[in-house]
Amino acid sequence: MWGKRSRIITGVLLGIGIFILTLLNILSIEDVPPDVSLLPTILVAGLACFALTISGLFPILSGFLIVTVDVLVNLTPDKSIYLASITSNIAPIIIIWSGSRIIGCLSAIICTIIELHELIITLPNVNTIIQNFIVNITFLILFLLLGELLLRQSLANDSLEARRQAELAEQRRAIARELHDTAVYSTTMLVMRAEAAKLQTGKGADLSEDLDFIARTGRAATSHLRNMLEVLRVSDKVELSAPGSIADRFTIIDSPPEKVIEEQIAKVRAAGIDVNAAIEGDLSSLPEIISVTLSRVVTESCSNIVKHAAHEAPATIMVEVQDESVDAIFINAISEEDSLESESASAVDAVEQGSQAGLGLGLIGQRERVEALGGTIEFSQREDTWIVRASIPVHR
């Protein structure tokens, strides 16, 4: 956007400035015969400057006008020839700068040919013609190169801006994932436990346990928010060329995955849901970023089980670490009292259509995390059963 504004402003300022100087020059002529009008010269000067003025905004029209001016200049007094030569050299620079290389080069070449034709007609000396020819060709090449350099710089700036916008978009997605996976998750569990505590009448031990959980979770949420603020401050100082992805910069390191899985299974069981769990392989051998991603997937999937699963049927949680990948599957029955059925259907439809419209923020975040590592995650519903399958490749 700034490159386009620069071209427009440059063309307008040069066009107006040259027209004012040329107008003053034309009006200062003292030996003009009474029967000769300066109006044609002024009109040609105005047309030439107008072509230069609009060169940054309408490059094709400007190129056509520049060639027209170079033709008309031969029908006007000599004072306008210098003006025409200036505008016919400057305007192609801005035209090429705007991205119209062919128009800019053609207009410059045609104007140079017209001017050389006039030199051949007006100058009888062959040596003088050759000298002027060399000068004109040299300036033509220099002006075309200048336009090309400005265009390449503009394209480089546009590419840098596009990359910056992509970086900012990825930062926003990474921040959204972290806030959902840390603060939002913690506060959601806090509210759920608080609601459960209100129903504990006459059970001092249970009530004390719930209140301890609320306090502990509240402190954890506050700590996560502080960590995110620190990450945001650090990210402001990170150069675009710094190693590591944006997601890495905005990821808060979790506990070891084996501990996270153990805590999440305990959380599901504490909610009154039986769990059939199977963990195979060495979780401690996983690279850090894969461990974090697996922990997030387990946390989100178990949270959805707690919120939406039917308590009558057991949930299944399986994690397997293989040589080339780590796979996880989560299966739970859908509660009849919950509205998960409609939400599940919309989520499945969204996944099948490659859309995120039907997915909650948690599911979107997990899919982004897994796919960023080259893995896959599938959400599906089979009758009254909700299934999540995730597979993350392991690059050791």
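From a predicted model like this one, the values you see are computed outputs, not experimental measurements.

Draft legend 1. Local environment of the sheet that holds strand β2 (residues 315–321). Taken together, the five strands give an open sheet; going across it, the order is β1-β2-β3-β5-β4, and neighbouring strands pair in mixed fashion. Here the strands that pair on one side only, and so sit at the sheet edges, are β1 (275–280) and β4 (376–382). When strand polarity is set aside, the average angle formed by the axes of neighbouring strands in this sheet is 5°. Pairing of strand β3 (residues 325–333) with strand β5 (residues 385–393) involves nine bridges; the strand directions are antiparallel. Pairing of isoleucine 331 across the sheet is with isoleucine 387, part of β5. The sheet contacts of helix α9 (residues 257–270) involve β1 and β2, and relative to β1 the element is tilted by about 170°. With respect to the sheet, helix α10 (residues 288–308) is in contact with β2, β3, β4 and β5, its orientation differing from that of β3 by roughly 5°.

Draft legend 2. Structural context of the packing of helix α3 (residues 59–72) against helix α5 (residues 101–122). Two numbers describe how α3 lies on α5: the axes approach to 9 Å, and their chain directions differ by 0°. Classified by the interaxial angle, the pair formed by α3 and α5 is roughly parallel. Contact residues: α3 offers Pro59, Ile60, Gly63, Ile66, Val67, Asp70 and Val71, while α5 offers Ile103, Ser107, Ile110, Cys111, Ile114 and Glu115. Considered class by class, the residues forming the contact of α3 with α5 number nine nonpolar, two polar and two charged.

Draft legend 3. Representation of the environment of alanine 313 within the structure. Looking at the element boundaries, alanine 313 is found in the loop between α10 and β2. In sequence terms alanine 313 and threonine 385 are 72 residues apart; their C-alpha atoms lie 10.0 Å from each other. In this structure, alanine 313 is in contact with Ile273 and Ala333, ignoring residues within four places of it in sequence.

Draft legend 4. Summary view of a nonpolar patch on the surface. Together, Leu57, Phe58, Leu61 and Phe64 give the surface a local cluster of nonpolar side chains, amounting to about 420 Å² of exposed area. By the element assignment, phenylalanine 58 lies in the loop between α2 (39–53) and α3.

Draft legend 5. Summary view of the nonpolar core. The biggest cluster of nonpolar side chains holds 32 residues, and the ones touching the most others in it are Leu286, Leu294, Val326 and Phe330. The set of elements that each furnish at least two residues to this core consists of α9, α10, β2, β3, α12 (361–372), β4 and β5. Here this core takes seven residues from α10, the largest share from any one element. If sequence neighbours within four positions are ignored, phenylalanine 330 has contacts with Val297, Val298, Ser301, Ile305, Thr316, Ile317, Trp386, Ile387 and Val388. Membership of the second largest hydrophobic core comes to 13 residues, among which are Leu65, Val67, Cys111 and Ile114.

Draft legend 6. Looking closely at α2. The terminal C-alpha atoms of α2, which comprises 15 residues, lie 20 Å apart, in line with the 21 Å expected from a rise of 1.5 Å per residue. Of the positions making up α2, those classed as buried are Thr41, Val44, Ala45, Ala48, Cys49, Ala51, Leu52 and Thr53.

Draft legend 7. The arrangement of empty space enclosed by the protein in detail. Under the defined criterion, the tally for this structure stands at two cavities of 30 Å³ or more. Of all the secondary structure elements, the ones that give two or more residues to the lining of the largest cavity are α10, β3 and β5. It is α10 that provides the largest number of residues to the lining of the largest cavity, a total of three residues. Along the lines of polarity and charge, the residues of the lining of the largest cavity split into four nonpolar, three polar and no charged.

Draft legend 8. Seen up close, the side chain of threonine 53. Along the chain, threonine 53 falls in helix α2. The contact partners of threonine 53, leaving out residues within four places of it in the chain, are Gly11, Val12, Gly15 and Ile16.

Draft legend 9. Looking closely at the packing of aromatic side chains. One pass over the full model with this rule turns up two aromatic pairs. Considering the side-chain rings of phenylalanine 379 and tryptophan 386, the 6.5 Å spacing of their centres and the 10° angle between planes classify their relative orientation as stacked. Here phenylalanine 379 falls in the buried class, since its relative accessible area comes to 4%. Among the residues examined, tryptophan 386 registers a relative accessible area of 5% and is labelled buried.

Draft legend 10. Structural view of the side chain of lysine 267. Mapped onto the elements of the fold, lysine 267 is located in helix α9. Buried charge without a partner: lysine 267 forms no salt bridge, and the closest opposite charge is glutamate 300, 8.1 Å away. At a separation of 2.5 Å, a polar atom in the side chain of lysine 267 contacts the side chain of glutamine 264.

Draft legend 11. Seen up close, the pairing of β3. Most of β3 sits out of view: seven of its nine residues are buried. Pairing of β2 with β3 involves six bridges; the strand directions are antiparallel. Residue pairing for β3: valine 319 is matched across the bridge by alanine 328. Between β2 and the antiparallel strand that follows it, β3, lie three residues.

What counts, and where the lines are drawn
Residues numbered from 1 in each chain as written. Predicted model: local features only at pLDDT ≥ 70, side-chain atom pairs only at ≥ 80, totals over all residues. Heavy atoms only, no water. Pairing = 2+ DSSP bridges. Helix = DSSP H or I, 4+ residues; strand = E, 2+ residues; numbered from the N terminus. Axes fitted to C-alpha atoms, helices over the stretch in contact; angles between N-to-C directions. Contact = heavy atoms within 4.5 Å. Parallel < 35°, antiparallel > 145°, perpendicular 65-115°, else oblique. Nonpolar A, V, L, I, M, F, W, Y, C, P; charged D, E, K, R; others polar. Patch = residues over 30% accessible without salt bridge, like charges linked within 9 Å, V, L, I, M, F, W, Y side chains within 5 Å. Areas by Shrake-Rupley, 256 points an atom, 1.4 Å probe, with all protein chains shown as cover. Salt bridge = Lys/Arg side-chain N within 4 Å of Asp/Glu carboxyl O. Core = buried A, V, L, I, M, F, W, Y, C linked by side-chain atoms within 4.5 Å. Buried < 20%, exposed > 50% of the residue type's maximum accessible area, 1.4 Å probe, protein only. Expected span 1.5 Å × (residues − 1). 1 Å grid on protein atoms, 1.4 Å probe; cavity = no way out; pocket = protein on both sides within 12 Å on 5 of 7 lines; lining within 4 Å. Points joined across faces, edges and corners; volume = space filled by probe spheres on them. Phe/Tyr/Trp six-rings, centres within 6.5 Å; stacked < 30°, edge-to-face > 60°. Lys, Arg positive; Asp, Glu negative; His and termini not counted. Polar contact = N/O pair within 3.5 Å; in protein donor to acceptor, adjacent residues only side chain to side chain.

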